[in-house]
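Architecture and fold: a report
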Amino acid sequence: MEKYNLPNLLYEYNALEPYMSEQVLILHHTKHHQAYVNSANDLITKLEDARKNNLELDFKSISKALSFNIAGHILHEIFWKIMAPESSGKNKPSIKDTPKISEQIEKDFGGFDRFKKEFSETAKSVEGSGWALLTWHKEHGNLNIIQIEKHNVNLYPEQKILLALDVWEHSYYLDYKNDRAKFVENWWNIVNWQEVNHRFTQI
Ligand code: MN
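Calculation rules
Each chain carries its own residue numbering, running from 1 in the written order of its sequence. In view of the model being predicted, local features appear only for residues whose pLDDT reaches at least 70, and side-chain atom pairs are presented and counted only at 80 or more, with totals across whole chains, interfaces and linings using the full set of residues. Hydrogens are left out, water is left out, and the side-chain values use all remaining heavy atoms of the structure. Boundaries between domains were set according to an automatic or database domain assignment. Working rule for contacts: check all heavy atoms of both residues, and any pair within 4.5 Å makes them a contact. Each salt bridge in this description consists of a side-chain nitrogen of Lys or Arg and a carboxyl oxygen of Asp or Glu lying within 4 Å of one another. Residues adjacent in sequence count toward polar contacts only when both atoms are side-chain atoms; beyond that, a polar contact is any pair of N or O atoms within 3.5 Å, and within protein one must be able to donate a hydrogen and the other to accept it. Think of it this way: any DSSP run of H or I at least four residues long counts as a helix, any run of E at least two long counts as a strand, and we number them from the N terminus. Residue polarity follows a fixed list, in which Ala, Val, Leu, Ile, Met, Phe, Trp, Tyr, Cys and Pro are nonpolar, Asp, Glu, Lys and Arg are charged, and the others, Gly among them, are polar.

1. Remarks on the domain arrangement of the protein chain
For the protein chain, the assigned domains read domain 1 (22-81) and domain 2 (86-201). Distance from the C-alpha centre of domain 1 to the C-alpha centre of domain 2: 23 Å. Of the residues lining the interface, 16 residues belong to domain 1; the matching set on domain 2 comes to 18 residues. Counting every contact that joins domain 1 to domain 2 gives zero salt bridges. The interface formed by domain 1 and domain 2 contains six residue pairs in polar contact (both at pLDDT 80 or more). The biggest single contributor to the side of domain 1 that touches domain 2 is helix H2 (residues 59-81), with 10 residues. Along the lines of polarity and charge, the residues of the side of domain 1 that touches domain 2 split into eight nonpolar, six polar and two charged.

Here's what the structure looks like:
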């Protein structure tokens, strides 16, 4: 099986300041994300060895650990991509610049402000560690906001992830202490709406 790799960021570590500090971004990318990649790869190696040598495995625990680490890796990959420096000019959704996602948000939520409020409340109310996601259910033709616990709990099938916000403490604690609400509020300044729109046009 192919192994997972830590992707490079498309911007400098200090590029998301003042909303996300260089220190937080370095630790988050090179320590936390890297750890999920390493753990996923270790588990895959373990599976491969067991298959090759016909060994017994605890499939319950290995399945849980794989789900946690692979989901952690994939969500972080998306998280890095859907952010961009404020100076890039990609941070404002509009019918002109990001028409497809803007129109769908209008249709499903009745307006961007309502969407932003629902998404922010979803992120702020995660118990412990988790994420808020905006997803597209193609077969049903609608956007959903999903609250994830850890990296992998509460996700439902057939959802294409368009936008992801990491509200684990490692994402904000050094910058905002316990004020997750302030982090969520500031994070909107560094969302890369061109990338979100691009993800939506790819489906
Ligand atoms: Mn994280």
